[in-house]
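Structural overview for review
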Amino acid sequence: MRHAIALLPLLVLAAPAAAQQADDLNRIIDEGLNHSQVMQTAQHLTDDIGGRMTNSPQMRQAEAWTAEQFRAWGLSNVHKQGFRFGRGWWIASAYARMTAPRPLMLTSIPVAWTPPTSGTISAPIVVAPMKKERDFAAWRGKLAGKIVLVSMPGEGSEPGEPAFKRLKGEDIEKLDTYRQPKFDPDGLEKLLREIAFTRKLDAFLKAEGAVAWARISHRDGKLLHGEGYDFQVGGTPALPGIEIAAEDYRRLARLAKTGPAPVLEINSDVRFDDSDVNAYNIIAEIPGSDPKAGYVMAGAHLDSWVAGDGAADNGAGSAMIMEAARILAKLGVKPKRTIRFALWAGEEQGLFGSMAYVDQYLATRAPGPAEEEGSEAMYFRYKYRFPITPKPGYGDLKAYFNIDNGSGKLRGIHAEGNVAAVPLLREWLSPFAGMGATSVVSSPTGGTDHVFMQAVGVPGYQFVQDPLDYSSRIHHSGMDTFDHLKAEDMRQGSVVLAGMLLQAANSAKTLPRMPLPTQGTPTDPFKYDDPADD
């Protein structure tokens, strides 16, 4: 009996810790499903603020509002992390219409970071597709005073499968395939030449006396996008550029081929904002009890394009990050590790916000060419810059979770080839199997803010999500509005994320890390470049 009495204090101390963690997960589910605010957050970001181009007035408004929300919910160390970006840009008003051979309003949008027209301009078109410098010779002396259509019109396409989709078991199984990382310097250089061509094309059109240029939308269905990447101070294009809906563009091309060239009228009232060349990530925390235990982190990008309201890409992810923060703060959890939340800027132009975070807190890479600093090319070259030098805080980040594939239900998580991390990721995901989040898949996924963390060996992960109509219609398009967000899915995603973060913050185990990357062998070391590709 004396032995039992002696053990009783130990049992009283040990039992509540395990029970408390289980209770916390149940409380997260209750708060996240029965008292959710995720859709209110998403609605304000999209309907009230709207499209959030990096460094635009709308993005500045979003930065201030999200920081204010974090503070109101009781998070700590809410602050901005600044990094050099470039010019702000936004659309005040714009239209394009055909005035001859008949009047017709065109579905169009200014291309991001192209300059405004000087009031309304009117000029005939010339269809002059150009993809490489050698194409310039065919059009020299023929473009003065013209609006130049620089894309091939192509042919219309009809969808072969429904635009809206949820993942089936076999779809997720296909993702569970290990993929060997590729080191392809030849492919990189070809891509960089394509990027450089856009500036050469602008200079050629200006020198030839063209008054504006237009390109075709890359999707049918009257969808517009308007992406552009010349945001650097001193790198603004010379000519106004617009994107025209595919159906309208093809009509113009047909008319130009069968009769007198159509005449277009364009008014592009776009504005630059040079008041601050820095962009800002928004950071907030729930402090941990053990300063030596490191931290776990979740993030999504707050910036967007402006053809729509940036709802699925990535207001949805931002709202789920914020909702996970709200839930955990509301419950008053006391994690062992600090839980940090990040809303990234500049993702759409090249993951610049998360890249800046890596450079400041985690690791540095060998510098790239000075002329590519702060450009789209810097994004593509980043993973090819060696050696990598870890910073003192390199080992402190124990896990990073990213959401950036729309508003679809979280179905699992990509292990990014880290096979040793699979058991622990499964353990943390297992409480949410009944909500549909069941799978840890080997394959990587790219194009978003965990990429540069993985690129320096930090355990960063993107969730597997139901695609819905994200890739087929919504991504970067004018359809990216609040209407297409799925509330039930976003509530589930917020709960799963909050639960994963809390378990990662309290776990006695930490995720195994990949080896620090070093320069690899080219994908095909015996391949020679084809000069015809230049």
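Summary of the structure given here. (Residues numbered from 1 in each chain as written. Predicted model: local features only at pLDDT ≥ 70, side-chain atom pairs only at ≥ 80, totals over all residues. Heavy atoms only, no water.)

Overview of the packing of helix 7 (residues 311–331) against helix 14 (residues 487–506)
Let me state the cut-off plainly: Note on method: axes are straight lines fitted to C-alpha atoms, helices fitted across the in-contact stretch only, with angles between N-to-C directions ranging 0 to 180 degrees. Think of it this way: any DSSP run of H or I at least four residues long counts as a helix, any run of E at least two long counts as a strand, and we number them from the N terminus. Angles below 35 degrees are treated as roughly parallel, those above 145 as roughly antiparallel, those between 65 and 115 as roughly perpendicular, and all remaining angles as oblique. Whether a crossing is left-handed or right-handed is set by the direction in which the near helix is turned from the far one by less than a right angle, anticlockwise for left-handed and clockwise for right-handed. Between two residues, a contact is recorded if the distance between any of their heavy atoms is within 4.5 Å. Each residue receives one of three labels: charged for Asp, Glu, Lys and Arg, nonpolar for Ala, Val, Leu, Ile, Met, Phe, Trp, Tyr, Cys and Pro, and polar for the others, Gly being one of them.
Here helix 7 crosses helix 14 at 55 degrees, and the two axes come no closer than 8 Å. One way to sum up the angle between helix 7 and helix 14 is to call them oblique. Every pair of crossing elements has a handedness; the one defined by helix 7 and helix 14 is right-handed. Only M490, G493, S494, L497, A498 and L502 of helix 14 make contact with helix 7, whose side of the interface consists of A316, A319, M320, I321, E323, A324, I327 and L328. Here the contact of helix 7 with helix 14 is built from residues that sort into eleven nonpolar, two polar and one charged.

Topic: unusual backbone geometry
Applied cut-off: Accessible area is worked out with a 1.4 Å probe on protein chains only. A residue is then buried under 20% of its type maximum, exposed over 50%, and partly exposed in between.
With an omega dihedral of 15 degrees, the bond running from A100 to P101 counts as a cis peptide bond. Assignment of secondary structure puts P101 in the loop between strand 2 (88–100) and strand 3 (104–106). Positive phi is not limited to glycine here, since W113 has a value of about 65 degrees. Note on placement: W113 falls in the loop between strand 4 (108–110) and strand 5 (120–127). Residue class for W113 comes out buried when judged on its relative accessible area of 0%. Of note, K222 is a non-glycine position whose phi angle comes to about 60 degrees, a positive value. Relative to the helices and strands, K222 is located in the loop between strand 7 (212–216) and strand 8 (241–244). Overall, the relative accessible area of 38% leaves K222 in the partly exposed class.

Quick look at the nonpolar core
Applicable threshold: Throughout this description, the term nonpolar core refers to a set of buried Ala, Val, Leu, Ile, Met, Phe, Trp, Tyr and Cys residues connected via side-chain atoms within 4.5 Å.
Of all hydrophobic cores here, the largest spans 107 residues; its most connected members are F70, F341, F401 and L425. The greatest single-element share of this core, amounting to twelve residues, is contributed by helix 7. Ranked by size, the runner-up nonpolar core spans 18 residues in total, among them M98, L106, I242 and A246.

Focus: the pairing of strand 5
So the rule is basically this: Two strands pair under a simple rule: DSSP has to find at least two bridges between them.
Strand direction decides the pairing type here: strand 5 and strand 9 (residues 263–273), joined by five bridges, are antiparallel. Bridge pairing in strand 9 links A123 to L264. Of the pairings in the sheet, the one linking strand 5 to strand 6 (residues 147–149) comprises three bridges and is parallel in character. Residue pairing in the sheet places V127 in a bridge with L149 of strand 6.

Some remarks on the packing of aromatic side chains
Any aromatic ring pair is given by two values, namely how distant the centres are and how the planes are angled relative to each other. Put simply, the rule reads: Any two of the Phe, Tyr and Trp rings considered here, Trp counted by its six-membered ring, make a pair once their centres fall within 6.5 Å; the pair's planes then place it as stacked at under 30 degrees, edge-to-face at over 60, or tilted in between. Note on criteria: charge over ring means Lys NZ or Arg CZ within 6 Å of the ring centre, with the direction from the centre no more than 35 degrees off the ring normal.
Evaluated as defined, the whole model comprises 18 aromatic pairs. Ring centres 6.3 Å apart and planes at 80 degrees place the aromatic pair F70 and W73 in the edge-to-face group. Of the two residues, F70 and W73, both sit in the buried class. Ring geometry for W344 versus Y400: centroids 6.3 Å apart, planes at 55 degrees, classification tilted. Of the two residues, W344 is situated in strand 12 (residues 338–344) and Y400 in strand 15 (residues 397–402); the sequence distance between them amounts to 56 residues. These aromatic residues form a ring-pair network of at least three members: F85, W89, W113, Y229, F231, W305 and F352. Positioned above the aromatic ring of Y295 is the side chain of R340, whose terminal nitrogen or guanidinium carbon lies 4.1 Å from the ring centre. Geometry around Y382 places R365 over its ring, the cationic atom sitting 5.1 Å from the centre.

Digging into the environment of T389
Positionally, T389 belongs in strand 14 (residues 388–390). According to the relative accessible area criterion, T389 is partly exposed, its value standing at 42%. Along the chain, T389 and Y229 lie 160 residues apart, while their C-alpha atoms are 29 Å from each other. Sequence-distant contacts of T389, defined by excluding residues within four places in its chain, comprise A363 and T364.

Quick notes on helix 11 (residues 422–429)
To be explicit about the condition: The arc under discussion is defined with respect to the helix axis, by the directions toward the C-beta atoms.
Among the residues of helix 11, those classed as buried are V422, L424, L425, W428 and L429. Viewed end-on, helix 11 has its buried residues packed into an arc of 165 degrees, placing them on one side of the element. Its buried side turned inward, helix 11 meets strand 15, strand 16 (410–414), strand 17 (439–441), strand 18 (460–465) and helix 14.

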